[in-house]
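Results of the structural survey
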Amino acid sequence: MTTAEQRSLCAKFRADFVEVRDTDIAGVARNVSVTSSPIHGLRHLPTSGASGWYIWAGEYSDADDFFQPIHVAHLESTCPQILNFLALAPGWRFLIAGDQVDVWYDPNLLKA
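The rules behind the values
- In this numbering scheme, every chain counts its residues from 1 along its sequence in written order.
- In keeping with the predicted nature of the model, local features appear solely for residues at pLDDT of at least 70, side-chain atom pairs appear and are counted solely at 80 or more, and the whole-chain, interface and lining totals rest on all residues.
- As a convention, hydrogens and water are excluded, and side-chain values are obtained from all of the structure's heavy atoms.
- For two strands to count as paired, DSSP must find a minimum of two bridges between them.
- Elements are defined by DSSP. Helices are runs of H or I of four residues or more, strands are runs of E of two residues or more, and each kind is numbered from the N terminus.
- Only the stretch in contact is used when fitting a helix axis, every axis being a line fitted to C-alpha atoms; angles between N-to-C directions are given from 0 to 180 degrees.
- Side-chain atoms within 4.5 Å link the members of a nonpolar core, which is a set of buried Ala, Val, Leu, Ile, Met, Phe, Trp, Tyr and Cys residues.
- Summary of the burial criterion: residues with accessible area below 20% of their type's maximum are buried, those above 50% are exposed, and those between are partly exposed, where the area comes from a 1.4 Å probe applied to protein chains only.
- Definition of a polar contact: a pair of N or O atoms within 3.5 Å, with one able to donate and the other able to accept a hydrogen when the atoms are protein atoms, and with sequence-neighbouring residues admitted only if both atoms are side-chain atoms.
- Basic side-chain nitrogens of Lys or Arg form a salt bridge, by our definition, when they fall within 4 Å of a carboxyl oxygen of Asp or Glu.

**Considering the sheet that holds strand S6 (residues 100-105)**
Paired through backbone hydrogen bonds, the strands of a sheet run either parallel or antiparallel to each other. Spatially, 6 strands are ordered S4-S1-S3-S2-S5-S6 in an open sheet, and the strand pairing comes out mixed. Strands at the two margins of the open sheet, each flanked by one partner only, are strand S4 (67-71) and S6. In this sheet, neighbouring strand axes are inclined to one another by 20° on average, regardless of whether the strands run parallel or antiparallel. Summarising the sheet, strand S2 (residues 39-43) and strand S3 (residues 50-57) pair through 5 bridges and their orientation is antiparallel. Bridged to histidine 40 within S3 is tryptophan 56.

Quick look at the structure:
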């Protein structure tokens, strides 16, 4: 899933580029769709087969079933507006709300 747009976005925010494979798993809330807003994403350290990404729309929930495991490849149809953000390194977050986009580093995401 490496694209020039992903590399450009990482360079823009001075974030390391960490590739995500189509077969990697992301935790995605059931309320995420093409029309969702706002969309939040954060990346923890990846583990075997997991990208480290958690993505949700609207309000966050601590419910055990809030996130469902989805292969990154399926995000192209579910939520294509986030694809360029997926190469941001662990510790990075994003928020997309219409035309407003915020990207920032959160070192707390790397703590165990």
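**Thoughts on unusual backbone geometry**
The residue after serine 37, namely proline 38, is reached through a cis peptide bond having omega -5°. Here proline 38 lies in the loop between strand S1 (25-29) and S2. Positive phi is not limited to glycine here, since arginine 14 has a value of about 55°. With respect to the element layout, arginine 14 can be found in the loop between helix H1 (4-12) and S1.

**Some remarks on the nonpolar core**
Counting residues in each nonpolar core, the largest one holds 31 residues, and the members touching the most others are Trp53, Ile55, Leu75, Ile82, Leu86, Leu88 and Phe94. With 4 residues, the top contributor of residues to this core is S3.

**Comments concerning the environment of arginine 43**
Examined against the element boundaries, arginine 43 turns out to sit in strand S2. A C-alpha to C-alpha distance of 6.4 Å links arginine 43 and tyrosine 54, two positions 11 residues apart in sequence. Here valine 18 takes part through its backbone oxygen, which lies 3.1 Å from a polar atom of the side chain of arginine 43.

**Description of the pattern of salt bridges**
In this structure the tally under the stated criterion is 2 salt bridges. The residue aspartate 24 makes a salt bridge to arginine 21 at a minimum N-O spacing of 2.8 Å. For arginine 21, a relative accessible area of 49% puts it in the partly exposed group.

**Some thoughts on the pairing of S3**
Burial of S3 is extensive: 6 of the 8 residues sit out of reach of the surface. In terms of strand pairing, S1 meets S3 through 3 bridges, oriented parallel. Within the sheet, the bridge partner assigned to glycine 27 lies in S3 and is tyrosine 54. Hairpin connection, S2 to S3: the antiparallel pair is bridged by 6 residues, and glycine 49 has positive phi, about 85°.

None of the figures reported here should be taken as evidence of function without further support.
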